[in-house]
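# Examining the three-dimensional arrangement
Here's the letter readout for the chains.
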Amino acid sequence: MTERQKRPLPVRVRWHTDGIPMDDLFRAEPVHPTGTTTTAATTTAAPRPPKPGPKTGPKTGPKTGSKPGSKTGPKPGPDTTGKPATPATAPVPHTGRPRRPPPDEPELTERPGPALPGWSAVLVGLTALGSAAALLWRGGPRRAAHPALWEWGVLAGCAVVAVVAFGGLTRGRTGSAWLLTLFGRYRGSVRRTGLVWISPFVLRRRIDVRLRHWRSEPIAAVDAEGAALRVVVLVVWSVRDTARALLTVDDHLDYLREQVEAATVRVLSQLPADAFRGDGPSLRDAEAVGDRLTRLLAAECRPVGVAVFSAQPTRIEYAPEVAAAMQRRQIAALDAKHRDSVLTGVIDAVDDTVTRLTTRGLVDLDDFERQALVKDLTVAFYTRRGGLSDQSQE
């Protein structure tokens, strides 16, 4: 008794007006050139059923003399003959989104804030106090005990002027600036020194604008070959724009520290720490590494009002866990370079000796004798140079 085979259920395909199956528009599985989809049970796309023609009565046969481009027959469906489809344009490989610089706010730039010389405020305050004293002295003791209403107003005005004049006095220091805000809005910066009057109704924040330097802690990084490194960087910087330094970031000092670490890791990962395989570029070229690090840091810190003048690595060394292995590798590379230089010198000396002997006619050598002489001279010169180097080491 044979097992009855299950018949696959018919697949119903809906067609779009453009001739594309609706299942192809919303298909999640990849489509092969043969018109089939990769699913658990691979099914072949069904041909599109013919459109019913106009109801003009029963047709007895195919219409003769019809135009080749007439729409009387069924439209061709998806190609299921197994022929490979025409390859489309090769997709451009995705290289990742370009790295964007930090956002820059052109409206938020440093500008001079409202400030006056301190001597003018002192003069105004003294004038207000003198006016109040003159008014009280003019009325006499009895009038001073019971002043009129307008006199009360004049005295109150003089007192307010004196309080504002003396309350706004402050001292400007060399190498620092005041940043002024009123109700959260930036009103300007004051870089004056000496006695300065600033409105007592604005909020003042002092910021240091001197040239400063900062030495980082050992930063963990890796070179182009994946070796772990510890790097110490010395950064020379200053605040160029006080408005951006205080209002665009929470703390410009922390921002600078984080950018130094990120830039150091980025720059050091592009070169090997030591060029073991030749004289190529490496991280031992401190000047080139420092110039690249300075340019990168200056570009990253410019939007926050911080000017970076120099960023130089003061120490680049291997991490403790790989220091011993890398030291052995350095010694092996130096030894190989030394042996190569010694061998080059020996070969040059042997060649010069044999050439002089033969050109002056001192000896007449055939090929076999020449080879033996070259061998003996090479061994003698190389052994002598190796003995000298060993003695110098001892």
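Heads up: the structure comes first, above all this text.
Residues numbered from 1 in each chain as written. Predicted model: local features only at pLDDT ≥ 70, side-chain atom pairs only at ≥ 80, totals over all residues. Heavy atoms only, no water.

## A word on the nonpolar core
Note on soluble globular proteins: their nonpolar side chains tend to be buried together. Inclusion rule: Among buried residues, the Ala, Val, Leu, Ile, Met, Phe, Trp, Tyr and Cys ones that are joined through side-chain atoms within 4.5 Å form a nonpolar core. Classification of residues uses two cut-offs on accessible area relative to the type maximum, computed with a 1.4 Å probe and protein chains only: under 20% is buried, over 50% is exposed, and between them is partly exposed. Whether two residues touch is decided by their heavy atoms; if any such pair falls within 4.5 Å, the residues are in contact.
Ranked by internal contacts, the top residues of the largest apolar core, which has 40 residues, are L229, V233, V235, L268, L297 and C301. In this structure C301 touches Y255, L256, Q259, V306 and V308, once residues within four positions along its chain are discounted. Grouped together as the second largest cluster of nonpolar side chains are 7 residues, W178, L180, I198 and V202 included.

## Comments concerning helix α3 (residues 149-167)
Counted only if it meets this: Going along the chain from the N terminus, every DSSP run of H or I of four or more residues is numbered as a helix, and every run of E of two or more is numbered as a strand. A helix is expected to span 1.5 Å multiplied by its residue count minus one. Of all possible arcs, the one meant is that of the directions from the helix axis to the C-beta atoms.
Its 19 residues give α3 an end-to-end C-alpha distance of 27 Å, which sits within 8% of 27 Å, the value for a rise of 1.5 Å per residue. Of all the residues in α3, the buried ones are E151, L155, C158, A162 and A165. The buried residues of α3 occupy one face: seen down the axis, they fall within an arc of 95°. When the buried face of α3 is taken as reference, the exposed residues oriented beyond 90 degrees from it are L149, W150, W152, V160 and V163.

## Focus on the pattern of salt bridges
What counts is decided by this rule: Salt bridges are defined as contacts in which a side-chain nitrogen from Lys or Arg sits within 4 Å of a carboxyl oxygen from Asp or Glu.
Summed over all chains, the structure comprises 6 salt bridges. Close ionic contact of R191 with E110 constitutes a salt bridge, the shortest N to O distance being 2.7 Å. Highlighted residues: R191 in the loop between β4 (185-190) and β5 (194-197) and E110 in the loop between α1 (22-25) and β1 (116-117), separated in sequence by 81 residues. You can call R191 partly exposed: its relative accessible area is 39%. On the basis of relative accessibility, which here comes to 24%, the residue E110 falls in the partly exposed class. The shortest N-O distance in the salt bridge between R315 and E317 comes to 3.7 Å. According to the relative accessible area criterion, R315 is partly exposed, its value standing at 40%.

## Things to note about a negative patch on the surface
Note the following rule: Patch criteria: residues need more than 30% relative accessible area and no salt bridge. Like-charged residues are merged within 9 Å; nonpolar side chains of Val, Leu, Ile, Met, Phe, Trp and Tyr are merged within 5 Å. Using a 1.4 Å probe, the Shrake-Rupley method yields the accessible areas, and only the shown protein chains count as cover for residues. Charged residues are defined here as Lys and Arg on the positive side and Asp and Glu on the negative side; His and the ends of the chain fall outside this count. Charge positions are represented by NZ for Lys, CZ for Arg, CG for Asp and CD for Glu.
Taken together, the side chains of D364, D366, D367 and E369 make up a negatively charged region of the molecular surface. Considering the arrangement of structural elements, one finds D364 in the loop between α7 (320-359) and α8 (367-393). Judged by its relative accessible area of 72%, D364 is exposed.

## Quick look at the packing of helix α5 (residues 252-268) against helix α6 (residues 286-301)
Rules: To define axes, lines are fitted to C-alpha atoms, for helices over the stretch in contact only, and angles between the resulting N-to-C directions are given on a 0 to 180 degree scale. Should an angle lie under 35 degrees it is considered roughly parallel, over 145 roughly antiparallel, and from 65 to 115 roughly perpendicular; all remaining angles are considered oblique. Should the near helix be turned anticlockwise from the far one by less than a right angle, the crossing is termed left-handed; should it be turned clockwise, right-handed. Throughout this entry, Asp, Glu, Lys and Arg are counted as charged residues, while Ala, Val, Leu, Ile, Met, Phe, Trp, Tyr, Cys and Pro are counted as nonpolar. The remaining residues, Gly among them, count as polar.
α6 packs onto α5 with a crossing angle of 135° between their chain directions and a minimal axis gap of 10 Å. Between α5 and α6, the crossing angle belongs to the class labelled oblique. Of the two elements, α5 crosses α6, and the hand of that crossing is right-handed. The segment α5 lies against α6, with Y255, L256, Q259, V260, A263, T264, R266, V267 and L268 engaging V289, R292, L293, L296, L297, E300 and C301. Its residues assigned to classes, the contact of α5 with α6 comprises 11 nonpolar, 2 polar and 3 charged.

## Looking at the sheet that holds strand β6 (residues 203-208)
Strands belonging to one sheet form pairs held by backbone hydrogen bonds; the direction of such a pair is parallel or antiparallel. Spelled out, the test is: Paired strands, in this sense, are two strands between which DSSP finds at least two bridges.
Read from one edge of the open sheet, 3 strands run β4-β3-β6, paired in antiparallel fashion. Unpaired on one side and paired on the other, β4 and β6 mark the two borders of the sheet. Each neighbouring strand pair of the sheet contributes to a mean axis angle of 25°, computed without reference to strand direction. Pairing geometry for strand β3 (residues 176-182) and β4, over 5 bridges, is antiparallel. The partner of W178 across the bridge, within β4, is V190.

## Here we look at the environment of L116
Summarising the element assignment, L116 is placed in strand β1. By relative accessible area, L116 is classed as partly exposed at 42%. Separated by 80 residues in sequence, L116 and V196 place their C-alpha atoms 6.0 Å apart. Once residues lying within four places of it in the same chain are set aside, the contact partners of L116 are R192, V196 and W197.

## Quick notes on the pairing of β5
Two strands pair when backbone bridges link them, and β1 and β5 are joined in this way by 2 bridges, in the antiparallel orientation. By the bridge assignment, L116 is partnered in β5 with W197. Judged from the 4 bridges that link them, strand β2 (residues 169-172) and β5 form a sheet pairing that is antiparallel. Bridged to R171 within β5 is L195.

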